[in-house]
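Chain and residue survey
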Amino acid sequence: MILSRKAPIWAILSAAMLATLGAGVFACSFLGGDAVGGRLTPAFIYRFGGDHTDELADAAPDGAGGAYLLTGYLADGTLVRIDDSGKEVWRTGVAFGAHSMAVTARGVYVAGDKRDAAQKVQRSHIAFVSTGGELQWTSDSPAPSAESAGRRDSVWDLSSAGDSKLWKITALPGGDAVAVGVEGESSVRHLRVDPQGGILWETSFSASHNWMYTGGTAGKVKPYLAAFEEAVISVGAWNSGAGGAELAAFKLDANTGRILAQYSGEQSGSAFSAADLHLPTGKLAVVWNSVSSGSGLVVLDSGLKPVAKEAMEFHAYGGAAWASADSVWVAGWQKGSRQFVNHPAAERLDASGNGSLEHNSWNDSRVIDQTDLVMAGGLCVLAAAENLSEHDNSVNNSRVVLRRCSGDPEPLFIYQRGQVYQGDPLLEAFDGGFLLAIHHGSEGAILILFHTGG
């Protein structure tokens, strides 16, 4: 059974469904409170507060049963640590627009950018916050003394003369981190920093398109970064063309920044949608979409050579996860029979190039923009923000729904707070559970943690 989009959530849950919730949470409010239901019970629901300008930037587990939540705006960002009961432990501000974080045992790197009004350019920034919430350093800090500063040896020399932005950062096993962004209009830049703020290396290469934007109908998708056997895998948008941006993948030596391998999308106008690295084998699943030619999956080996390709009939957007060494789940939406109507969809594809193994869509639901999915404890979970509005071409009432990618069609989790649009959902898996982060249209970021028992 798929719940009707026309009736309020609290009015349409049947007695039979309520019986399946067990110890699950179910509450609602006519005054904008939470409406929660489904088969999964959250360990906690945390609300950042503030207002809609505190946009969701990133979320990650803290390794101790709790989580970190990052929000960002044009000139500032906030990092919050939440314990395993959902209580806020601390919040620390950074003086730039935050986009991404990387969690280590010693603390959290935050990457982003800020407008330099005097120079009329964007400046890249990175900050490091200890696990106790102390801001250790930031690129906004005063420059170190001349005696202690070598050539490009600190984050205070981070920005180029022109526009410079950082959109994604990932941690390396030893505690350093690698960030990716753009310089000016034509360079993709990667750089490695250490917990003291030193820059170990920086690599830039030509690209005629902003690495974060996909073009076409997809809007923004952050680059993908992952560490693998002394290397860094980076995937994002590549060249700008009439059909949108093309995708590209790079493998860089984590110790030197040297490019070890490169892949450029062969499908004309293919825009980057999602990627996932299968650590045991080093295989990389990269999903693309195109305005003119649909969507597809390419599987690359550890040297970024294509070993399989698949085409998809639905619009792949926002999520990919390895189900096993042999198959990949992809999230997206399927065009409905009416204008402005799209339905959430998930497809499992053979990683050897032998076609679709499963395809599921929920035709009673109207999805809003991006979807996401993760594998958590052997369970594939699909997240989608669904339109509950009276008219197809407007969004003034919505909810976020989690579903199994296959099998039982009953929602795993339903969340609605008031009648304000919640933006694209973000899922992050960890050992034993996963996080759901959403941006509430009037109240800012919300973080929900689930345990799967895996």
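The structure contained in this document is the topic of the report that follows. (Residues numbered from 1 in each chain as written. Predicted model: local features only at pLDDT ≥ 70, side-chain atom pairs only at ≥ 80, totals over all residues. Heavy atoms only, no water.)

On a plain count of helices and strands, the protein comes out with 2 helices and 33 strands. Across the 454 residues that make up the protein, the buried fraction comes to 56%. Taking all contacts inside the protein whose residues are at least 6 apart in sequence as the whole, residues at least 24 apart take part in 47%. In the structure as shown, the protein presents an accessible area of about 17800 Å², 48% of it carried by carbon and sulfur atoms. (Helix = DSSP H or I, 4+ residues; strand = E, 2+ residues; numbered from the N terminus. Buried < 20%, exposed > 50% of the residue type's maximum accessible area, 1.4 Å probe, protein only. Contact = heavy atoms within 4.5 Å. Areas by Shrake-Rupley, 256 points an atom, 1.4 Å probe, with all protein chains shown as cover.)

Turning our attention to the packing of aromatic side chains. Scanning the model with the defined rule gives 8 aromatic pairs in all. On the basis of an interplanar angle of 15 degrees and a centroid distance of 6.4 Å, the ring pair of Phe-413 and Tyr-415 is categorised as stacked. Residue classification places Phe-413 among the buried positions, given a relative accessible area of 0%. Grouping aromatic residues by their ring pairs yields a cluster made of Phe-413, Tyr-415, Phe-434 and Phe-450. Directly above the ring of Phe-48 sits Arg-91, whose terminal nitrogen or CZ lies 4.2 Å from the centroid. (Phe/Tyr/Trp six-rings, centres within 6.5 Å; stacked < 30°, edge-to-face > 60°. Lys NZ or Arg CZ within 6 Å of the ring centre and 35° of its normal.)

Reading across the sheet, the 5 strands line up as S1-S30-S29-S28-S27 and stay open at both edges, with antiparallel pairing between neighbours. In the strand order of this sheet, the two ends are held by strand S1 (34-37) and strand S27 (367-376), each with one partner. Between one strand and the next, the sheet's axes are offset by a mean angle of 15 degrees, whatever the strand orientation. (Pairing = 2+ DSSP bridges. Axes fitted to C-alpha atoms, helices over the stretch in contact; angles between N-to-C directions.)

This brings us to the state of the cysteines. Cysteine pairs can be covalently joined through their sulfur atoms, and such a bond is termed a disulfide. Considering all chains together, one arrives at 1 disulfide under this definition. Cys-380 shares a disulfide with Cys-405; S-S distance 2.1 Å. Here Cys-380 and Cys-405 share a disulfide; its torsion about the S-S bond, -60 degrees, makes the bridge left-handed. Placement of the pair is Cys-380 in strand S28 (residues 379-387) and Cys-405 in the loop between strand S29 (398-404) and strand S30 (413-417), with a sequence separation of 25 residues. When sorted by exposure, Cys-380 lands in the same class as Cys-405, which is buried. (Disulfide = S-S within 2.5 Å.)

Moving on, we get to unusual backbone geometry. Residues other than glycine seldom take positive phi values, yet Glu-230 does so here, at roughly 65 degrees. Along the polypeptide, Glu-230 turns up in the loop between strand S15 (224-228) and strand S16 (231-241). Take Glu-230: its relative accessible area is 54%, and that puts it in the exposed class. The backbone of Leu-304 shows a phi angle near 65 degrees, a positive value even though the residue is not glycine. Examined against the element boundaries, Leu-304 turns out to sit in the loop between strand S21 (294-300) and strand S22 (306-312).

A word on the nonpolar core. If you look at the biggest cluster of nonpolar residues, it comprises 23 residues, and the most contacted ones within it are Tyr-224, Val-235, Phe-272, Leu-284, Val-286 and Leu-300. Membership of the second largest hydrophobic core comes to 20 residues, among which are Ile-368, Leu-402, Leu-427 and Leu-436. (Core = buried A, V, L, I, M, F, W, Y, C linked by side-chain atoms within 4.5 Å.)

What follows deals with the environment of Ala-308. Structurally, the position occupied by Ala-308 is in strand S22. A relative accessible area of 6% means that Ala-308 is categorised as buried. When the C-alpha positions of Ala-308 and Ser-352 are compared, they lie 5.4 Å apart, and in sequence the two are 44 residues distant. In this structure, Ala-308 is in contact with Leu-297, Val-298, Val-299, Ala-351, Ser-352 and Gly-353, ignoring residues within four places of it in sequence.

Here we take up the sheet that holds strand S11 (residues 164-171). Within the open sheet, the 4 strands sit side by side as S11-S12-S13-S14. Their pairing is antiparallel. Across the chains shown, the open sheet's two edge strands, defined by having one partner strand only, are S11 and strand S14 (199-206). In this sheet, neighbouring strand axes are inclined to one another by 20 degrees on average, regardless of whether the strands run parallel or antiparallel. The pairing of strand S13 (residues 187-193) with S14 spans 7 bridges and is classified as antiparallel. Each bridged residue has a counterpart across the sheet, and for Arg-192 the counterpart in S14 is Trp-201.

What follows deals with the side chain of Glu-347. Note that Glu-347 resides in strand S25 (residues 342-350). Buried charge without a salt bridge: Glu-347, with Arg-348 as the nearest opposite-charge side chain at an N-O distance of 9.8 Å. A polar side-chain atom of Glu-347 sits 3.3 Å from a polar atom in the side chain of His-359. (Lys, Arg positive; Asp, Glu negative; His and termini not counted. Salt bridge = Lys/Arg side-chain N within 4 Å of Asp/Glu carboxyl O. Polar contact = N/O pair within 3.5 Å; in protein donor to acceptor, adjacent residues only side chain to side chain.)

This next bit is on the pattern of salt bridges. Tallied over the entire structure, the rule returns 15 salt bridges. Two residues, Arg-39 and Asp-408, come together in a salt bridge whose shortest N-O distance is 3.3 Å. One end of the pair, Arg-39, is in the loop between S1 and strand S2 (44-47); the other, Asp-408, is in the loop between S29 and S30, and 369 residues separate them in sequence. Since its relative accessible area comes to 30%, Arg-39 is described here as partly exposed. A relative accessible area of 30% means that Asp-408 is categorised as partly exposed.

Here we take up the pairing of S2. Residues Phe-44 and Tyr-46 line the buried face of S2, whereas the alternating positions Ile-45 and Arg-47 sit on a face that is not buried. Note: S2 against strand S33 (residues 444-451), 4 bridges, orientation antiparallel. In the strand pairing of S33, Ile-45 is matched with Ile-448.

The buried fraction of strand S7 (residues 97-103) amounts to 5 of the 7 residues, a majority that puts the element mostly inside the structure. Examined bridge by bridge, S7 and strand S8 (residues 107-116) share 6 bridges and lie antiparallel to one another. Along S8, the bridge assignment pairs Val-103 with Val-108. Connecting S7 to the antiparallel partner S8 that follows it, the hairpin turn spans 3 residues.

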